[in-house]
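These are the residues of each chain, in order.
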Amino acid sequence: MISFSGVWVKLAHVSPTASAFYRVFFGSLFLLPAAFLKGELSRKSLKQYGVAALSAAFFALDLFFWHKSILYIGPGLATIVSNFQVFGMALVGILFFKERLRFAFVISLPLAMAGLYLIIGVNWKTLGPGYGAGLMFGFATAACYLGYLLTLRMLQSGQRQHSPFFFMMLVSLITSLFLGGIMAGSGDSFIIPDFQSFVSLAALGCLSQFAGWVLIANAMPHIRASHTGLVLLLQPALAFVWDVLFFARPTDLLNWTGVFIALAAIYLGTMQKRNPAS
């Protein structure tokens, strides 16, 4: 479901910011009745609302940069680059939480960059104008995604007795306000021009923002972290496959080798020391 996010963005005939806005706006509409049925629409602390606003700001920037990146380099590569946030997450753990520097992490970052080069570096001149900007937007996405995940972790700490619906709904709603403000300030249009765009944006909100992430959030506590990281690699892997199948992205054997190397490096970046009791 979440691997199709970039596909829905490409199929909608609206600006990148508008597609990001409708993703979280429609997503919050689907999350609201779920939170209500779970009895979660209760007042929270001022601190929680503040952290939710900060998380939403990071998520708004994440979507803003990612949707622009899709415009320049396609949904497949944009999704792979955005997943480089795992290296930032590992660095945060090492620098601030005194986690041990693992050999797997040391080799994973240069391996990921080598894979990225094989995807785009060899044929750089054939990829068209704006490719460099698309990559920069992708790395900006990864940085903002890291901030979003860290603040979301803060928001959900101590809330294990609750399902994820309320906070996901709250962050989605506040994110839509941020993105709506950006659209209004830049004169961007809120009009959905045709039926294809409406279906694509509704699917983006329902399947990618709502259903996909709710399923992930509910499944993660029940499986090993290493298995979670491996399964979640299906998102960038499938996103790249959809880009090739649906949008005819030019890809040869060398590019596919780069995709495999980059994804393997991302997985190494997510690996944690195994608990001897597990």
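Preceding this paragraph is the structure being described.
Report follows, based on the coordinates. Since the model is a prediction, treat every value here as computed from it, not as a measurement.

Conventions adopted
Residues numbered from 1 in each chain as written. Predicted model: local features only at pLDDT ≥ 70, side-chain atom pairs only at ≥ 80, totals over all residues. Heavy atoms only, no water. Helix = DSSP H or I, 4+ residues; strand = E, 2+ residues; numbered from the N terminus. Buried < 20%, exposed > 50% of the residue type's maximum accessible area, 1.4 Å probe, protein only. Contact = heavy atoms within 4.5 Å. Core = buried A, V, L, I, M, F, W, Y, C linked by side-chain atoms within 4.5 Å. Axes fitted to C-alpha atoms, helices over the stretch in contact; angles between N-to-C directions. Parallel < 35°, antiparallel > 145°, perpendicular 65-115°, else oblique. Left-handed = near helix turned anticlockwise from the far one by under 90°. Nonpolar A, V, L, I, M, F, W, Y, C, P; charged D, E, K, R; others polar. Expected span 1.5 Å × (residues − 1). Bend = angle between axes of the 7 residues up to and from the residue. Phe/Tyr/Trp six-rings, centres within 6.5 Å; stacked < 30°, edge-to-face > 60°. Salt bridge = Lys/Arg side-chain N within 4 Å of Asp/Glu carboxyl O.

1. Here's the deal with the environment of glycine 27
Okay, so step 1: With respect to the helices and strands, the residue glycine 27 is situated in helix H2 (residues 16-37).
Okay, so step 2: The class of glycine 27 is buried, set by a relative accessible area of 0%.
Okay, so step 3: A C-alpha to C-alpha distance of 9.8 Å links glycine 27 and leucine 201, two positions 174 residues apart in sequence.
Okay, so step 4: Leave out the neighbours within four places in its chain, and glycine 27 touches Tyr22, Gly205 and Gln209.

2. A look at the nonpolar core
Okay, so step 1: If you look at the biggest cluster of nonpolar residues, it comprises 68 residues, and the most contacted ones within it are Leu77, Phe84, Ile119 and Leu179.
Okay, so step 2: At 15 residues, helix H3 (residues 46-82) tops the list of elements feeding residues into this core.
Okay, so step 3: With residues up to four places along the chain from it excluded, the contact list for isoleucine 119 reads Leu77, Ile80, Phe240, Arg249, Asn255, Gly258, Val259 and Ala262.

3. Focus on the packing of helix H10 (residues 234-247) against helix H11 (residues 253-270)
Okay, so step 1: At a closest axis distance of 11 Å, the pairing of H10 and H11 adopts a crossing angle of 160°. In terms of their interaxial angle, H10 and H11 are classed as roughly antiparallel. Judged by the sense of rotation from one axis to the other, the crossing of H10 with H11 is right-handed. Of H11, the residues touching H10 (which contributes Pro236, Ala237, Phe240, Val241 and Val244) are Trp256, Val259 and Leu263.
Okay, so step 2: Residue composition of the contact of H10 with H11, by class: eight nonpolar, no polar and no charged.

4. Structural notes on the side chain of threonine 141
Okay, so step 1: Among the secondary structure elements, threonine 141 is positioned in helix H6 (residues 131-156).
Okay, so step 2: Here threonine 141 falls in the buried class, since its relative accessible area comes to 1%.
Okay, so step 3: Once you skip the residues sitting within four places of it in the chain, threonine 141 turns out to touch Asp62, Phe65, Trp66 and Ser82.

5. Considering unusual backbone geometry
Okay, so step 1: For alanine 248, which is not a glycine, the phi torsion comes out positive at approximately 55°.
Okay, so step 2: Along the chain, alanine 248 turns up in the loop between H10 and H11.
Okay, so step 3: By relative accessible area, which is 61% here, alanine 248 ends up exposed.

6. Observations concerning H3
Okay, so step 1: Helix length check: H3, at 37 residues, gives a terminal C-alpha distance of 31 Å against a target of 54 Å (1.5 Å per residue), a shortfall beyond 12%.
Okay, so step 2: Along H3, the largest kink reaches about 120° and is centred on isoleucine 73; proline proline 75 follows within four residues of it.

7. Comments concerning the side chain of serine 55
Okay, so step 1: Structurally, serine 55 is set in helix H3.
Okay, so step 2: Residue classification places serine 55 among the buried residues on the basis of a relative accessible area of 0%.
Okay, so step 3: Residues in contact with serine 55, not counting those within four places in the same chain, are Tyr148, Thr151, Leu152 and Val171.

8. Focus on the packing of aromatic side chains
Okay, so step 1: A complete count under the given rule lists 21 aromatic pairs for this structure.
Okay, so step 2: Centre to centre, the rings of phenylalanine 21 and phenylalanine 190 are 5.3 Å apart; their planes meet at 85°, and the pair counts as edge-to-face. Here the residue phenylalanine 21 occupies a position in helix H2, and phenylalanine 190 occupies one in the loop between helix H7 (165-186) and helix H8 (195-219), the gap between them amounting to 169 residues.
Okay, so step 3: Note on phenylalanine 64 and phenylalanine 65: the rings are 5.5 Å apart at their centroids and 70° apart in plane angle, and the pair reads as edge-to-face. The same class applies to phenylalanine 64 as to phenylalanine 65, namely buried.
Okay, so step 4: By way of ring pairs, the aromatic residues Phe21, Tyr22, Phe25, Phe26, Phe190 and Phe198 are connected into one cluster.

9. Remarks on the pattern of salt bridges
Okay, so step 1: Considering all chains together, one arrives at one salt bridge under this definition.
Okay, so step 2: A salt bridge links arginine 249 to aspartate 243; its shortest N-O distance comes to 4.0 Å. As far as burial versus exposure is concerned, arginine 249 and aspartate 243 are alike and both buried.

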